[in-house]
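Summary of the model geometry
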Amino acid sequence: MPLPILTLAHALTEFVPLIARWIAGEDGEKVAQQVVSAAHTITGEKESFKVLQALKSDPKLLLDFQKVILKVTQELEMAEYKDRENARLRDVALAQAGRSNLRADIMVVSAALGLVCCLLTITLYRMTLPGEAVGIISTIAGIFGSCLKDAYAFEFGSSRGSKIKDTKLSALFLTKP
């Protein structure tokens, strides 16, 4: 009985743990299909269990599989980088047009308010809230905190693209009267 594609892809993360991040993402099924297809092609096996056995028993096949998967993850990383670059260029274009990115501002303010509300709720009602509620509210606060972290990483620099955006924006604001 063959394993479903996602199940086999998760089993293949044993050989290349890096793919787990991509399988869990929004394009997880597409990435899983690529990973499973690569495994079938490299091993020459049709059945899922035979694919896993072949990769476990033959170091050369495993190395070939890892090389292919590293290439796939590199392509995925580049696509993600280009997506962020386009978003940064959009911010630069908005600034050049004299507009602000209201949507981003609303998102950041909402995440900050959500985090503050969660922390206040835990602080003010910790004695009356059941432990389960505190755990849930803490988890929600962590999600809001993660949103803020991502916003700051995007705005203030986590890659060369953000430094380019900063340079363009500062040049734009320094040249305006």
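Please read all numbers here as calculations on a predicted model, not as lab measurements. (Residues numbered from 1 in each chain as written. Predicted model: local features only at pLDDT ≥ 70, side-chain atom pairs only at ≥ 80, totals over all residues. Heavy atoms only, no water.)

Below, the discussion takes up helix α4 (residues 48-57). What α4 keeps buried is the set Ser48, Val51, Leu52, Ala54 and Leu55. Down the axis of α4, the sector holding all buried residues measures 160°, keeping them to one side. Facing away from the buried side of α4, by more than 90 degrees, are the exposed residues Lys56 and Ser57. (Buried < 20%, exposed > 50% of the residue type's maximum accessible area, 1.4 Å probe, protein only. Helix = DSSP H or I, 4+ residues; strand = E, 2+ residues; numbered from the N terminus. Arc of directions from axis to C-beta.)

Turning to the nonpolar core, a few remarks are in order. Residues Leu12, Phe15, Ile19, Val35, Leu55, Phe65 and Ile69 are the most contacted members of the largest nonpolar core, which totals 23 residues. Where this core is concerned, the elements lending two or more residues are α1 (5-12), α2 (19-23), α3 (28-43), α4 and α5 (59-96). Discounting residues that sit within four places of it in the chain, phenylalanine 65 has contacts with Leu12, Phe15, Val16, Val35, Ala38, Ala39, Ile42 and Leu55. (Core = buried A, V, L, I, M, F, W, Y, C linked by side-chain atoms within 4.5 Å. Contact = heavy atoms within 4.5 Å.)

Our next topic: the packing of α3 against α4. Contact geometry of α3 with α4 gives a least axis separation of 10 Å together with a crossing angle of 65°. In terms of orientation, α3 lies roughly perpendicular with respect to α4. As for the relative orientation of α3 and α4, their crossing is left-handed in sense. Residues Ala39, His40 and Thr43 of α3 form the contact with α4, whose participating residues are Val51, Ala54 and Leu55. Its residues assigned to classes, the contact of α3 with α4 shows 4 nonpolar, 2 polar and no charged. (Axes fitted to C-alpha atoms, helices over the stretch in contact; angles between N-to-C directions. Parallel < 35°, antiparallel > 145°, perpendicular 65-115°, else oblique. Left-handed = near helix turned anticlockwise from the far one by under 90°. Nonpolar A, V, L, I, M, F, W, Y, C, P; charged D, E, K, R; others polar.)

For α1, the full list of buried residues reads Leu8, Ala9 and Leu12. End-on, the buried residues of α1 take up no more than an arc of 100°, which puts them together on one face.

Okay, the pattern of salt bridges next. Counted under the stated rule, the structure contains 2 salt bridges. Notably, a salt bridge pairs lysine 60 with aspartate 64, separated by 3.1 Å at the nearest N-O pair. Highlighted residues: lysine 60 and aspartate 64, both in helix α5, separated by 4 residues, approximately one helical turn. Among the residues examined, lysine 60 registers a relative accessible area of 57% and is labelled exposed. Residue aspartate 150 is joined to lysine 149 by a salt bridge in which the shortest nitrogen-to-oxygen separation is 3.4 Å. (Salt bridge = Lys/Arg side-chain N within 4 Å of Asp/Glu carboxyl O.)

Mean pLDDT over the protein stands at 79; residues scoring 70 or higher make up 79%. At the level of individual helices and strands, the protein shows its lowest average pLDDT in helix α8 (residues 160-175), which scores 55, and its highest in helix α6 (residues 102-125), which scores 90. (pLDDT = per-residue confidence, 0-100.)

So, about a nonpolar patch on the surface. On the surface, Val116, Leu120, Leu124 and Tyr125 cluster together into a nonpolar patch covering about 410 Å² of accessible area. Position of leucine 120 relative to the elements: it lies in helix α6. Assessed through its relative accessible area of 45%, leucine 120 is described here as partly exposed. (Patch = residues over 30% accessible without salt bridge, like charges linked within 9 Å, V, L, I, M, F, W, Y side chains within 5 Å. Areas by Shrake-Rupley, 256 points an atom, 1.4 Å probe, with all protein chains shown as cover.)

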